[in-house]
Structure formats: C-alpha cells, structure tokens
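For reference, the chains in residue letters:
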Amino acid sequence: DTGVSQNPRHKITKRGQNVTFRCDPISEHNRLYWYRQTLGQGPEFLTYFQNEAQLEKSRLLSDRFSAERPKGSFSTLEIQRTEQGDSAMYLCASSLASGLTDTQYFGPGTRLTVL
Amino acid sequence: GQQLNQSPQSMFIQEGEDVSMNCTSSSIFNTWLWYKQDPGEGPVLLIALYKAGELTSNGRLTAQFGITRKDSFLNISASIPSDVGIYFCAGLGGAQKLVFGQGTRLTINP
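About the thresholds
- Residues numbered from 1 in each chain as written.
- Chains lettered and ligands numbered in written order.
- Predicted model: local features only at pLDDT ≥ 70, side-chain atom pairs only at ≥ 80, totals over all residues.
- Heavy atoms only, no water.
- Pairing = 2+ DSSP bridges.
- Helix = DSSP H or I, 4+ residues; strand = E, 2+ residues; numbered from the N terminus.
- Axes fitted to C-alpha atoms, helices over the stretch in contact; angles between N-to-C directions.
- Salt bridge = Lys/Arg side-chain N within 4 Å of Asp/Glu carboxyl O.
- Buried < 20%, exposed > 50% of the residue type's maximum accessible area, 1.4 Å probe, protein only.

J.: Any chance you could explain the sheet that holds strand S6 (residues 55–58) of chain B here in plain terms?
T.: Pairing between sheet strands relies on hydrogen bonds along the backbone, with the strands arranged either parallel or antiparallel. Residues and elements named next belong to chain B. The sheet built from 5 strands is open, its strands ordered S1-S3-S8-S7-S6 with antiparallel pairing. Strands at the two margins of the open sheet, each flanked by one partner only, are strand S1 (5–7) and S6. Averaged over all adjacent pairs, the angle separating strand axes in this sheet is 15°, with direction ignored. In this sheet, strand S8 (residues 71–76) lies alongside strand S3 (residues 19–24) in antiparallel orientation, the contact comprising 6 bridges. Bridging from a neighbouring strand, Ser-20 pairs with Asn-75 of S8.

Here it is in structure tokens:
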C-alpha cells in the first residue's frame, strides 16, 4: 500500500497526558498537512509542511500542539496536557505541489479520545 | 473557521436513483475537490477540478467547477449500496489549506 499511513489508528488517554501521532506521507510528496475533524463536521486545517519547513499554522493550533517533519519525510503531531476538547479525528494528508495544482490525499486518521 | 455551504445535509434515496449535491462559497477557489468518507476512515478523493467551467467524470460520478469559481456540484448516477457515506466538497484558494463543506450524508434504501 503506497497511500498515506497514520499511527496509531485509535488513542484513548486521560486528561493531562501527552500524546503523539505519526503520519507517513505518500512517497516523494513534498507537502504534508494536518487536519482535525470533530463529529458531524468537515476537517479543519491545523498546519502544513513543505519538505521540512512548517509554513502555516492555524489559530486552532494552540501552544499545546506541536508538529514536526524532520528530514521532510514522516511527521509527528504532539498534544501536551490533553483536554477533553481535544477529542477528535486527526487527519494527515500529503500532496505533490506542482504549478497551480495541489491535490491532497488523506490517511485513515487517528481517533483521539480524552477521558 | 471558514466553511463552504454544502447542500443537502442528508439524502435518503432508493437504489438506482441519481444523486446531486452542491457547494457554494463567498470566496473564489482555484481548485475544487470532492471526497467520500466512510465511518472511522479518512476522506477518499473522488474527483479533482482545476479550471473554471471544467466538467469531469469518474465512472458514475460527474463534477463541475463553477464558472464563477465559487461553486461546484457532484452528481452520482444510478446509485448502488456502496455509495453510502458522507460526501465532502473542499476548496483550495491562494493559501494551501483546504476549506471543507459540512458534508452530505447519503443513505440508500435497497
């Protein structure tokens, strides 16, 4: 399977704990995105990388959230001191930006439940 | 956050019927994408549209990029049970982030 992969698929944690998610993009895709999706809503943008550089962060991304993409390959999203409001599906997408097109392909997501 | 206006929010149809859904926005987009999402899974790309006025088909699916660049529609012909799911439109503007609609939940009665 050469699609976007995410691990873990599900994470249950207690409030106040730290969690880290991993995303492996499609090989050779230079852009990687993180989105958050709550029940009944469409995904909302969190942040994106072009290669290893983090180029934009949403106001949704509080200082408890940090994302990295070392070496421009896989990415991690860490949430510190989790809160119940952080419960959501965290989606990763990747794209090969070319000219005006930037078609994003999504992974299966990580479902986070904060108790 | 900014969202597209997607309608209808839900549809209940008989197997074999055609389906139509659309998205509108107050902003101009350079790219429109349509995704399908099954429960517990990530969105799967169905159709990508890159030019105003473009009409693109993918099997029983047809989508169009509105001429004003502020709207798009998706049609599904002769629906089958595996078409059940939530369909999302998404627009890509000058920034690289996708802006999503609220989704259309499709239910099919056999």
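Don't stop here, the text continues.
J.: Before we go on, may I ask you to explain the pattern of salt bridges in this structure?
T.: Close approach of charged atoms lets side chains of opposite charge pair. Applying the stated criterion to the full structure yields 8 salt bridges over all chains. The shortest N-O distance in the salt bridge between Asp-38 of chain B and Lys-36 of chain B comes to 2.8 Å. Residue class for Lys-36 of chain B comes out buried when judged on its relative accessible area of 13%. In this structure, the salt-bridge partner of Arg-60 of chain B is Asp-83 of chain B, at a minimum N-O distance of 2.8 Å. You can see Arg-60 of chain B sitting in the loop between S6 and strand S7 (61–65) and its partner Asp-83 of chain B sitting in the loop between S8 and strand S9 (85–92), a full 23 residues away along the chain. With relative accessibility at 6%, the residue Asp-83 of chain B sits in the buried group. Residues joined in a network through salt bridges with shared partners are Arg-64, Glu-83 and Asp-86 of chain A.

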